[in-house]
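# Examining the three-dimensional arrangement
The primary structure of each chain is shown beneath.
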2 protein chains.
Amino acid sequence: MMKEGKVEIGGGHEEAHMGKGKGKLASIRGIAIMDLILRIAALVGTLGSAAAMATTDQTLPFFTQIVRFEAQYDDFTTFKLFVIVNAIACGYIALSIPLSIFHIIRRRAGKSRILLIILDTIMLALVTGGASAAAAIVYLAHTGNSSANWFSICQQYQNFCQRVSGSLIGSFGAVVILVLLVLLSGIALSRR
Amino acid sequence: MMKEGKVEIGGGHEEAHMGKGKGKLASIRGIAIMDLILRIAALVGTLGSAAAMATTDQTLPFFTQIVRFEAQYDDFTTFKLFVIVNAIACGYIALSIPLSIFHIIRRRAGKSRILLIILDTIMLALVTGGASAAAAIVYLAHTGNSSANWFSICQQYQNFCQRVSGSLIGSFGAVVILVLLVLLSGIALSRR
């Protein structure tokens, strides 16, 4: 992030020396580098979320006839969906990194930026959907719902609940980053 | 939508007659008109969703000690959130319509388009989150979850479940429209 600031300040100096056109191109390069850094962060976030969720299970040291003695993430369809969505997003972001590097080199590229806006927006909707659906179930697991007679399961499965709640962080981080990526692409397109 | 096609074809004709610059502006006007139509559709979708969810409750003609005799949307925090998110989105879309009309008249406007991309993207994340979280709870209400001992409530509350499921449609429609709006703004920005 610090590096980013420098690049943009550099762009500002160039603008004074070399006129408006070149200054604009330099600030586009700053945006492109920031785009790359944000993509790497989103890659780590979605990968971490998918991995943390996919390895979650807890076996209790006791069992009764009412409470099951093991909880796994794939007992919940929503959590399975969460892993799939994060894996897809992770794969997409990995594939988009070469294109992001290409944008640092070729600053005037227009069509490939629109392609990235389209795909980033679709991924944003996908990841937000997966993360929010999982969050709704995690909330239910913590608090339960008395009207529907759904009881909290977090008192029995404490580790399971903690792990599942934690795995949401990376995914919601990726949501914020994807919003920023769409904005950066929009700004880059308008300055081209 | 038909009207839209005509406008864009009209733009194509103009391009042949009056050169590339004016043709581009005409196609931007086509995009701006489509933007306005999509916004009105999204307004109807989110308003319908919020209204359908907020008026959902069902009283059963019988009650036992195990099953409660009334189900209301606000027994579920997620459904309350769904109504709030859709109301916010509905308000935002209503406020953005004047700006959309301004874009039809002033086709070269740049900064206001970036503002709309930023706000549209944030609203997309918000509405997708609300709709997905509600969908996760609706799915649970339909199927239940045996590991957590959460039983399906849709056999008791059939009307409630149908109404709640139906109210998701408008919201997911608005999600699709918001994705399209971000794309249209991106294309308009690149052609400006």
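Scroll up for the structure.
One structure accompanies this document, and this report is about it. Each residue is numbered by its place in its chain's sequence as written, counting from 1. Numbering of ligands from 1 and lettering of chains from A proceed in the order in which they are written. Reporting of local features is limited, given that this is a predicted model, to residues whose pLDDT is at least 70; pairs of side-chain atoms are given and counted only at 80 or more, and all residues count toward the totals for whole chains, interfaces and linings. The side-chain values count all of the structure's non-hydrogen atoms but skip hydrogen atoms and water molecules.

Residues and elements named next belong to chain A. Two cysteine sulfurs form a disulfide in these notes if their separation is within 2.5 Å. Per the counting criterion, the structure on display carries 2 disulfides over all chains. Covalently, cysteine 154 is tied to cysteine 161 through a disulfide, its sulfur atoms 1.9 Å apart. Taking the torsion about the sulfur-sulfur bond, which here is approximately -80°, the covalent link between cysteine 154 and cysteine 161 counts as left-handed.

Now for the packing of aromatic side chains. Aromatic pairs are defined between Phe, Tyr and Trp rings, using the six-membered ring for Trp, whenever the two ring centres lie within 6.5 Å; interplanar angles under 30 degrees are classed as stacked, those over 60 as edge-to-face, and all others as tilted. For the coordinates displayed, the defined rule picks out 11 aromatic pairs over all chains. Aromatic side chains A:Phe76 and B:Trp150 sit 6.0 Å apart centroid to centroid with 65° between the ring planes, which places their arrangement in the edge-to-face category. In this pair, A:Phe76 is assigned in the loop between β2 (70-72) and α3 (77-105) and B:Trp150 in the loop between α4 (111-143) and α5 (158-191), connecting two distinct chains. To sort residues, take the accessible area from a 1.4 Å probe on protein chains only and compare it with the maximum for the residue type: under 20% means buried, over 50% means exposed, and anything in between is partly exposed. Its relative accessible area of 4% is what places A:Phe76 among the buried residues. For B:Trp150, a relative accessible area of 1% translates into the label buried. Between A:Trp150 and B:Trp150, the ring centres sit 6.3 Å apart and the planes meet at 40°, which makes this aromatic pair tilted. Strands here mean DSSP runs of E at least two residues long; helices mean DSSP runs of H or I at least four residues long; both are numbered from the N terminus.

What follows concerns the packing of α3(A) against helix α4 (residues 111-143) of chain A. Residues and elements named next belong to chain A. Taken N-terminus to C-terminus, the directions of α3 and α4 make an angle of 155°; their axes are 9 Å apart at the nearest point. The angle between α3 and α4 places the two elements in the roughly antiparallel class. The hand of the α3/α4 crossing is left-handed. Every axis in this analysis is a line fitted to C-alpha atoms, fitted for helices over the stretch in contact. Angles between the N-to-C directions lie between 0 and 180 degrees. In this scheme, roughly parallel covers angles under 35 degrees and roughly antiparallel covers those over 145, while 65 to 115 is roughly perpendicular and the rest are oblique. Crossing handedness is defined as follows: a turn of the near helix away from the far one that is anticlockwise and smaller than a right angle gives a left-handed crossing, while the clockwise case is right-handed.

Here a salt bridge means any side-chain nitrogen of Lys or Arg lying within 4 Å of a carboxyl oxygen belonging to Asp or Glu. Here the structure, examined in full by the defined rule, presents 4 salt bridges over all chains. One salt bridge connects A:Arg39 with A:Asp120, and the closest N-O pair in it is separated by 2.9 Å. Taken together, the residues A:Arg39 in helix α2 (residues 20-54) and A:Asp120 in helix α4 connect sequence positions 81 residues apart. Of the charged contacts in the structure, one is a salt bridge between B:Arg39 and B:Asp35, with a shortest N-O distance of 2.7 Å. Of this pair, B:Arg39 and B:Asp35 both sit in helix α2 (residues 20-54), 4 residues apart, which is roughly one turn of that helix. With a relative accessible area of 7%, B:Asp35 lands in the buried category. Here the salt bridges do not stand alone but share partners, grouping A:Asp35, A:Arg39 and A:Asp120 into one network.

Turning our eyes to something else, we now look at the relation of the copies chain B and chain A. In superposing the copies, a least-squares fit is computed on C-alpha atoms, taking residues whose pLDDT is at least 70 in both. Note on the copies: chain B fits chain A at an RMSD of 0.0 Å, the axial shift is 0.0 Å, and the rotation between them is 180°. Both copies of the chain, as the preceding transformation shows, are related through a two-fold rotation axis. Across chain B, the rotation axis passes nearest the C-alpha of B:Ala133, at a separation of 2.0 Å. Looking at chain B, 97% of its interface residues are interface residues in chain A too, so the copies touch through the same face. What makes two residues a contact is simply this: any of their non-hydrogen atoms within 4.5 Å.

A word on the interface of chain B and chain A. Taken together, the contacts link 39 residues of chain B with 38 residues of chain A. As a working definition, buried area equals the accessible area (1.4 Å probe) given up by two parts on being put together, with both sides summed. Both faces combined, the contact of chain B with chain A buries some 3200 Å², and carbon together with sulfur accounts for 71% of it. Summed over the shared surface of chain B and chain A, the result is 0 salt bridges. N or O atoms within 3.5 Å of each other form a polar contact, as long as, within protein, one can give a hydrogen and the other can take it, and as long as residues adjacent in sequence are counted only when both atoms are side-chain atoms. Run the count over chain B and chain A and you get 7 residue pairs in polar contact (both at pLDDT 80 or more).

Our next topic: the side chain of A:Thr121. For A:Thr121, the location among the structural elements is in helix α4. If near-sequence neighbours (up to four positions away) are discounted, A:Thr121 is found in contact with A:Val182, B:Leu124, B:Val179, B:Val182 and B:Leu183.

Let's shift gears to the packing of α4(A) against helix α5 (residues 158-191) of chain A. All names here are of chain A. Across the interface, α4 lies against α5 with an axial gap of 8 Å and an inter-helix angle of 155°. With respect to α5, the axis of α4 lies roughly antiparallel. The interaxial crossing formed by α4 with α5 has left-handed handedness. By the convention adopted, Pro, Cys, Tyr, Trp, Phe, Met, Ile, Leu, Val and Ala count as nonpolar, Lys, Arg, Asp and Glu as charged, and the other residues, Gly among them, as polar. Split by residue class, the contact of α4 with α5 holds 22 nonpolar, 8 polar and 2 charged.

A word on the environment of A:Glu70. All names here are of chain A. Looking at where glutamate 70 falls in the secondary structure, it is placed in strand β2. Sequence separation between glutamate 70 and tryptophan 150 is 80 residues, and the spatial gap between their C-alpha atoms is 18 Å. Not counting chain neighbours up to four residues away, the residues in contact with glutamate 70 comprise Asp57, Gln58, Thr59, Asp75 and Tyr157.

A water-sized probe rolled over the atoms picks out the places where empty space is left. One number sums up the size of the second largest pocket: a volume of about 320 Å³. Considering the residues around the second largest pocket, the lining is formed by 18 residues, among which A:Ser132, B:Leu81, B:Gly129, B:Gly130 and B:Ala133 are closest to the centre. Only α4 and α5 of chain A together with α3 (77-105) and α4 of chain B provide two or more residues apiece to the lining of the second largest pocket. Ranked by the residues each element gives to the lining of the second largest pocket, the list is headed by α4(B), at 6 residues. Residues are called lining when one of their atoms sits within 4 Å of a cavity or pocket point, these points coming from a 1 Å grid over the protein atoms alone, where a cavity is a set in which a 1.4 Å probe fits but cannot get out and a pocket is an open set with protein on both sides within 12 Å along at least five of seven lines. Grid points are joined across faces, edges and corners, and a volume is the space filled by probe spheres set on the points.

Now for a nonpolar patch on the surface. Residue and element names in this part refer to chain A. Judged by side-chain polarity, Ile84, Ile88 and Leu126 come together as a nonpolar surface patch covering roughly 250 Å² of accessible area. Along the chain, leucine 126 turns up in helix α4. Relative accessible area serves as the criterion here: at 35%, leucine 126 is assigned to the partly exposed category. Put simply, a patch holds well-exposed residues, over 30% relative accessible area, that have no salt bridge, with like charges counted together within 9 Å and Val, Leu, Ile, Met, Phe, Trp or Tyr side chains within 5 Å. Methods summary: accessible areas were calculated by the Shrake-Rupley approach with a probe of 1.4 Å, and residue burial reflects only the protein chains presented.

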